[in-house]
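Structural description and commentary
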Amino acid sequence: MERFAEPVDRSQLRRELGVPADGRLVLNVSRFAPHKRQAFLVEVAERLLSLRDDAYFLLIGTGPLREWVET
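Residues numbered from 1 in each chain as written. Predicted model: local features only at pLDDT ≥ 70, side-chain atom pairs only at ≥ 80, totals over all residues. Heavy atoms only, no water.

1. As for the overall build of the protein chain
Across its full length, the protein chain holds three helices and two strands. For the protein chain, the succession of helices and strands along the chain, N to C, is α-β-α-β-α. At 14 Å, the protein chain has a C-alpha radius of gyration far larger than the 11 Å of a compact globule built from 71 residues. When the 71 residues of the protein chain are sorted by exposure, 15% land in the buried category. Residue pairs in contact within the protein chain that sit at least 24 positions apart in sequence constitute 68% of those at least 6 positions apart. When the accessible surface of the protein chain is totalled, it reaches about 6,100 Å², and 54% of it is carbon and sulfur. Of the side-chain charges in the protein chain, 11 are positive and 11 negative, and the distance between the mean point of each set is 6 Å. (Helix = DSSP H or I, 4+ residues; strand = E, 2+ residues; numbered from the N terminus. Rg over C-alpha atoms; globule rule 2.2 N^0.38 Å. Buried < 20%, exposed > 50% of the residue type's maximum accessible area, 1.4 Å probe, protein only. Contact = heavy atoms within 4.5 Å. Areas by Shrake-Rupley, 256 points an atom, 1.4 Å probe, with all protein chains shown as cover. Lys, Arg positive; Asp, Glu negative; His and termini not counted. Charge placed at Lys NZ, Arg CZ, Asp CG, Glu CD.)

2. Observations concerning the environment of arginine 10
Inspection of the secondary structure puts arginine 10 in helix H1 (residues 10-17). Of the residues examined, arginine 10 reaches a relative accessible area of 68% and is grouped as exposed. As a C-alpha pair, arginine 10 and serine 50 span 40 residues in sequence and 27 Å in three-dimensional space.

3. Some details on helix H2 (residues 38-51)
One turn of an α-helix holds 3.6 residues; hence residues three or four places apart share an orientation. For H2, built from 14 residues, the straight-helix expectation of 20 Å at 1.5 Å per residue is met to within 8% by its first-to-last C-alpha distance of 20 Å. Among the residues of H2, those classed as buried are Gln38, Leu41 and Ala45. Seen end-on, H2 carries its buried residues on one side only, within an arc spanning 45°. For H2, exposure combined with an orientation more than 90 degrees from the buried face picks out Glu46, Arg47, Ser50 and Leu51. Summarising the contacts, the buried residues of H2 are in contact with strand S1 (24-29), strand S2 (55-60) and helix H3 (66-70). (Expected span 1.5 Å × (residues − 1). Arc of directions from axis to C-beta.)

Honestly, it's all geometry; don't read function into it.
Spelled out as structure tokens, the structure:
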């Protein structure tokens, strides 16, 4: 837990991820498995990105659907 005790430089992290300071960031941390519904989240992302270009989706995890989500 000690590594999470120090504050994070959010501006630097956004730069590293390529997310502008004013970008809307959607974060999902979970196992990539059917019951977690990442396929639905990908559909939501596609729709949202067709309406606005300031949204960024960051999906973190591992599991049987990870390769599908990455493509």
